[in-house]
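Coordinates in review
Each chain, written out:
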Amino acid sequence: MEIRNYIDHTLLKPTATRADIEKLCQEAKEHGFYAVCVNSVYAEAAAGFLAGSGVRLAVVCGFPLGAMITAAKVREAELACAAGAAEIDMVMDIGALLGGDEEKCRTDMQAVVEAAKAYGAIVKVIIEISQLTDSQIVKACELACAAGAAYVKTSSGFTGHGATEEAVRLMRASCPPEVQVKASGGIRDLDAALRMIRAGASRIGTSSGIAIIKEAAERGL
């Protein structure tokens, strides 16, 4: 197992500077991470820093609350894709799901999926597991799949707790094989990353990617 191939090297802090993003991208290139994940304000800069490297650019959308009008999410996704994003990590309309408006929740996701698709990009839907019951997690996954998402993602890392093995297993079981699971939030060491992968995650969002791959190398993994 090449743990580096699972990692989205992530920096989403509001205090991040352009220099921080350049460092993030350099680290991703040096260590061969699958992708970097940044806020949309740095989409263009990150695309430039990663140009020609093979590291994919993921940009968050409607982040971290998901409580934006759909048109705003769509426009943010379009601008990020036009700047070079290959992946959009969007936060679903959590309030719509909790309020019983499943159609609004689904169409919000679908609009972003279609906007990204026009640029050849994929969408990962952040469902924010800490705010949902198990049955709501299942429903969120079903709606994301119906909307055409490529991934369902556990958490933003900004609201409640992050990824759990139990939630990852439930999400994996709730999606067809072609829809994958990204675990994010609180994954800071190799053992945590391996637990998520064994539970069914095919991508790991973390700001601790370098520490994780160093630990893997030390353990011969």
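Scroll up for the structure.
Residue numbers run consecutively from 1 along every chain, following the written order of its sequence. For a predicted model such as this one, the threshold for reporting local features is a pLDDT of at least 70, and the threshold for listing and counting side-chain atom pairs is 80 or more; totals across whole chains, interfaces and linings nevertheless cover every residue. Side-chain numbers here rest on the full set of heavy atoms in the structure, without hydrogens or water.

**Brief notes about the overall build of the protein chain**
- Note on conventions: DSSP H or I runs of at least 4 residues are helices, E runs of at least 2 residues are strands, and numbering of each starts at the N terminus. Across its full length, the protein chain carries 9 helices and 8 strands.
- Atoms considered for the radius of gyration are the C-alpha atoms alone. The globule rule reads 2.2 Å times the number of residues to the power 0.38. A compact globule built from 221 residues should have a C-alpha radius of gyration of about 17 Å, and the protein chain, at 16 Å, falls within 12% of that.
- Dimensions along the principal axes, computed over C-alpha positions, put the protein chain at roughly 45 × 35 × 30 Å.
- Burial classification: accessible surface area is computed with a 1.4 Å probe over protein chains only, and a residue below 20% of its type maximum counts as buried, one above 50% as exposed, and the rest as partly exposed. When the 221 residues of the protein chain are sorted by exposure, 53% land in the buried category.
- By definition in these notes, contact holds between two residues if any of their heavy atoms fall within 4.5 Å. Contacts spanning at least 24 positions in sequence make up 68% of the contacts within the protein chain whose residues lie at least 6 apart.

**Overview of the packing of helix H1 (residues 18-31) against helix H2 (residues 43-50)**
- Orientation of H1 relative to H2, taken along the N-to-C sense of each, is 35°, at an axis distance of 9 Å. In the crossing of H1 with H2, the sense of the turn from one axis to the other is right-handed. Note on element contacts: H2 touches H1 through Ala45, Ala46, Phe49 and Leu50, opposite Arg18, Ile21, Glu22, Cys25, Gln26 and Lys29.
- Classification used: nonpolar for Ala, Val, Leu, Ile, Met, Phe, Trp, Tyr, Cys and Pro, charged for Asp, Glu, Lys and Arg, polar for all others including Gly. A breakdown of the residues in the contact of H1 with H2 according to their chemical character gives 6 nonpolar, 1 polar and 3 charged. Throughout, an axis means a line fitted to C-alpha atoms (over the contacting stretch in the case of helices), and angles, computed between N-to-C directions, take values from 0 to 180 degrees. Left-handed is the label given to a crossing in which the near helix is rotated counterclockwise from the far helix by less than a right angle, and right-handed is the label when the rotation is clockwise.

**As for the nonpolar core**
- Buried residues of nine kinds, namely Ala, Val, Leu, Ile, Met, Phe, Trp, Tyr and Cys, make up a nonpolar core once their side-chain atoms join them within 4.5 Å. By size, the foremost hydrophobic cluster in this structure holds 83 residues, and its most contacted members are Ile88, Met92 and Ile127.
- For this core, the leading source of residues is helix H8 (residues 190-199), giving 7 residues.
- The contacts of methionine 92, once residues within four sequence positions are left out, are Leu65, Gly66, Lys73, Leu97, Cys105, Asp108, Met109, Val125, Ile126, Ile127, Leu132 and Ala140.

**Digging into the pairing of strand E1 (residues 7-11)**
- With respect to burial, E1 is a largely interior element, 5 of its 5 residues being buried.
- Residues Ile7, His9 and Leu11 of E1 are buried on one face, and the alternating residues Asp8 and Thr10, pointing to the opposite face, are buried as well.
- Pairing between strands is defined by DSSP: at least two bridges between them are needed. By the bridge criterion, 4 bridges tie E1 to strand E2 (residues 35-38) in an arrangement that is parallel. Following the sheet pairing, aspartate 8 is matched in E2 by alanine 35.
- Note on handedness: a clockwise path from strand one over the helix to strand two, with the strands aimed away from the viewer, defines a right-handed crossover. Taking the sense of rotation as the criterion, the β-α-β connection linking E1, H1 and E2 turns out right-handed.

Everything listed here is a matter of geometry and, on its own, says nothing about what the molecule does.
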